[in-house]
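Residues per chain, in single letters:
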Amino acid sequence: MNSANRDPYLLTPGPLTTSAETKAAMLRDWGSRDAAFIAMNRRVLDRLVELADGQSSHVAVPLQGSGTFAVEAMVATFLPDDGKALILINGAYGHRIATICDYLGRAYSTYETDEDVPPNPTIVAARLADDPAITHVIVVQCETTSGILNPIEDIAAVTAAAGRRLLIDAMSAFGALPIDARETPFDALAASANKCLEGVPGIGFVLCRADVLSECAGNSHSLSLDLADQWAALEKTGQWRFTPPTHVVAAFEQALLEHEAEGGVAGRYARYRENCDILVSGMRARGFTPLLDDTLQAPTIVTFRMPEDRKFVFTEFYDKLQDKGYVIYPGKLTKVDSFRIGCIGHLGALEMNGALKAVDQTLVEMGVQFEKVAS
Ligand SMILES: *Cc1c(COP(=O)(O)O)cnc(C)c1O
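**A short note on helix α9 (residues 246–261)**
Reasoning step 1: Compared with the 22 Å implied by 1.5 Å per residue over 16 residues, the 23 Å span of α9 between its first and last C-alpha is a close match.
Reasoning step 2: Considering only its buried residues, α9 is in contact with α1 (20–24), α2 (35–51), β10 (203–209) and α10 (264–285).
Reasoning step 3: Just downstream of α9 lies glycine 263, where phi reads positive at about 110°.

**Digging into the packing of helix α11 (residues 314–323) against helix α12 (residues 349–366)**
Reasoning step 1: One can describe the packing of α11 onto α12 by two numbers: an axis separation of 10 Å at closest approach and a directional angle of 130°. Classed by the angle they form, the pair α11 and α12 counts as oblique. Judged by the sense of rotation from one axis to the other, the crossing of α11 with α12 is right-handed. Residues Glu316, Phe317, Lys320 and Leu321 of α11 lie in contact with α12, whose contacting residues are Ala358, Val359, Thr362, Leu363, Glu365 and Met366.
Reasoning step 2: Its residues placed into classes, the contact of α11 with α12 shows 6 nonpolar, 1 polar and 3 charged.

**Some remarks on the site of the ligand**
Reasoning step 1: Neighbouring residues of the ligand: Ser66, Gly67, Thr68, Tyr93, Arg96, Val140, Cys142, Thr144, Asp169, Met171, Ser172 and Lys195.
Reasoning step 2: Take glycine 67: an N or O atom from its main chain is 3.0 Å from an oxygen atom of the ligand.
Reasoning step 3: The side chain of threonine 68 places a nitrogen or oxygen atom 2.5 Å from an oxygen atom of the ligand.
Reasoning step 4: In isolation the ligand exposes 380 Å². Once the protein is present, 84% of that is buried.
Reasoning step 5: Only α3 (67–78) and α4 (92–104) provide two or more residues apiece to the shell around the ligand.
Reasoning step 6: The class makeup of the residues in the shell around the ligand is 4 nonpolar, 5 polar and 3 charged.

**Notes on the sheet that holds strand β3 (residues 84–89)**
Reasoning step 1: Taken in spatial order, the 7 strands make up an open sheet running β2-β10-β9-β8-β5-β3-β4, and their pairing is mixed. The open sheet has two edge strands, β2 (58–64) and β4 (107–112), and neither has a second partner. Direction aside, neighbouring strands of the sheet carry axes that sit 20° apart on average.
Reasoning step 2: Where strand β8 (residues 165–169) meets strand β9 (residues 188–192), 3 bridges bridge the pair, whose relative direction is parallel. Its bridge partner lying in β9, leucine 167 is registered against alanine 188.
Reasoning step 3: On top of the sheet, α2 reaches β2 and β10; it is set at about 125° to β2, its chief contact.

**Quick word on the nonpolar core**
Reasoning step 1: By size, the foremost hydrophobic cluster in this structure holds 81 residues, and its most contacted members are Leu48, Phe78, Phe174 and Leu207.
Reasoning step 2: Every residue in contact with leucine 207, bar those within four places of it in the chain, is listed here: Leu48, Val49, Ala52, His58, Val59, Ala60, Phe174, Phe186, Asp187, Ala188 and Leu189.
Reasoning step 3: Residues Phe312, Phe314, Phe317 and Ala355 belong to the second largest nonpolar core, which totals 30 residues.

**Quick word on the sheet that holds strand β14 (residues 338–342)**
Reasoning step 1: The strand order β11-β14-β13 describes an open sheet built from 3 strands, whose pairing is antiparallel. This sheet does not close on itself; its edge strands, each paired only once, are β11 (301–305) and β13 (329–330).
Reasoning step 2: Its contacts with the sheet place α10 against β11 and β14, and it is angled at close to 10° to β11.

**Things to note about the domain arrangement of the protein**
Reasoning step 1: Considered domain by domain, the protein is made up of domain 1 (9–15 + 264–366) and domain 2 (20–261).
Reasoning step 2: Using C-alpha coordinates to define each centre, domain 1 is positioned 27 Å away from domain 2.
Reasoning step 3: Counting residues at the interface gives 27 residues for domain 1 and 29 residues for domain 2.
Reasoning step 4: Approximately 2,300 Å² of surface area, both sides summed, lies buried where domain 1 meets domain 2, with 57% of it carried by carbon and sulfur atoms.
Reasoning step 5: Put simply, domain 1 and domain 2 have 3 salt bridges between them.

**Observations concerning unusual backbone geometry**
Reasoning step 1: The linkage connecting glycine 14 with the following residue, proline 15, adopts the cis geometry, with an omega of -5°.
Reasoning step 2: Its identity as a non-glycine residue notwithstanding, glutamate 198 has a phi of 60°, on the positive side.
Reasoning step 3: As for its placement among the helices and strands, glutamate 198 is situated in the loop between β9 and β10.
Reasoning step 4: We classify glutamate 198 as buried; its relative accessible area is 4%.
Reasoning step 5: In this structure, phenylalanine 242 takes a positive phi of about 70° despite not being glycine.
Reasoning step 6: Structurally, phenylalanine 242 is set in the loop between α8 (227–237) and α9.

**A word on the pattern of salt bridges**
Reasoning step 1: Within this structure, the stated rule accounts for 21 salt bridges.
Reasoning step 2: Here glutamate 262 and arginine 271 are joined by a salt bridge, their closest N and O atoms 2.4 Å apart.
Reasoning step 3: Relative accessible area serves as the criterion here: at 26%, glutamate 262 is assigned to the partly exposed category.
Reasoning step 4: Each of the salt bridges in this network shares a partner with another, and the network as a whole consists of Arg165, Asp187, Arg209 and Asp211.

**Things to note about α4**
Reasoning step 1: The first and last C-alpha atoms of α4 sit 18 Å apart over 13 residues, in line with the 18 Å expected at 1.5 Å per residue.
Reasoning step 2: Buried within α4 we find Tyr93, Gly94, Ile97, Ala98, Ile100, Cys101 and Leu104. Within α4, the buried residues cover an arc of 160° as seen down the axis, which keeps them to one side. Facing away from the buried side of α4 by over 90 degrees, the exposed positions are Asp102 and Tyr103.
Reasoning step 3: Where α4 is buried, its residues meet α3, β3, β4, β5 (136–140), β6 (142–143) and β8.
Reasoning step 4: Of the residues one or two after α4, glycine 105 is the one with positive phi, at around 70°.

Reading the values: rules and limits
Residues numbered from 1 in each chain as written. Predicted model: local features only at pLDDT ≥ 70, side-chain atom pairs only at ≥ 80, totals over all residues. Heavy atoms only, no water. Helix = DSSP H or I, 4+ residues; strand = E, 2+ residues; numbered from the N terminus. Expected span 1.5 Å × (residues − 1). Contact = heavy atoms within 4.5 Å. Axes fitted to C-alpha atoms, helices over the stretch in contact; angles between N-to-C directions. Parallel < 35°, antiparallel > 145°, perpendicular 65-115°, else oblique. Left-handed = near helix turned anticlockwise from the far one by under 90°. Nonpolar A, V, L, I, M, F, W, Y, C, P; charged D, E, K, R; others polar. Near = heavy atom within 4 Å. Polar contact = N/O pair within 3.5 Å; in protein donor to acceptor, adjacent residues only side chain to side chain. Areas by Shrake-Rupley, 256 points an atom, 1.4 Å probe, with all protein chains shown as cover. Pairing = 2+ DSSP bridges. Core = buried A, V, L, I, M, F, W, Y, C linked by side-chain atoms within 4.5 Å. Buried < 20%, exposed > 50% of the residue type's maximum accessible area, 1.4 Å probe, protein only. Domains from an automatic or database assignment. Buried area = accessible area lost by both parts, 1.4 Å probe. Salt bridge = Lys/Arg side-chain N within 4 Å of Asp/Glu carboxyl O. Arc of directions from axis to C-beta.

Structure follows, in structure tokens:
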């Protein structure tokens, strides 16, 4: 326990703070064949498709595990053995997709930009024109390494214009940043319960174009990651293959109801936007510098440059904030020393302002005095 005498607020890329009601929804044991569980599961999957306006084109296939399981399953199922991916990389999650392709033995090339630079759609188009072997483009919507928002609509447009297929890692975006399947062509999009949708961790899911998924049977090298097989079982019996995380599904339904009550994707975006604005302007006023321009910053997680003041020792800063009930996150950038503070999860203006107050107290305790930036 911390000196705040409560569970810490998780200002991280995940796991994230969830509501009391979402946690309470788990206080029941469900049988996987129970008709009530099967109906609940169906409601959850239908809602996920609705969030992307994909009712006429896509289905949601759930998968046990963390988000990476869903990304790996998406690549394994949709990128065939004789296909080739162009992976757009500007952070650790893009690199992870390349690692997944290494494990799976799938061919790929990469288009890498700096961690504070989004991929340029014109260059993507040129890369596709240059290499006819490329069948798929894979992009990360919000690269959580830095918090940068990548232009997936434009990437989707050039990919479709070149007759190629798009796979999206939308893990830290889905549910807060809009995507419309009727306007943005994609074969598959992977996300999870515990980022912007504020469920508990344990489920990933992939929105799959139904007509494409049915052609993907036999692509996956792995039984447990085969989304075509998972979907076939769900269609036939309403059940997951293998033990479903029943409690996590129940919590997910509650979290989705809260998401809807908040105004869906637009409502969730508005709260995260306010959280992010409070955080960025508050930290700037205290002398910290965000890595990204406001125009590139997704309202999900903010990367700050590590202050140069010798008295500012990150581990001490981290521990003292944790003791006050606020958990932040180390940086993951390769070139710049940094740390991150998240603005997603079941948190609002009260908690963000509380975090800034805890930063003030911590800086005093550390004896750090930055030159205040006029705001
Ligand atoms: C969180 C995240 C993932 C998945 O991470 P897990 O730790 O496996 O849940 C994948 N991609 C992005 C962009 C993420 O933010």
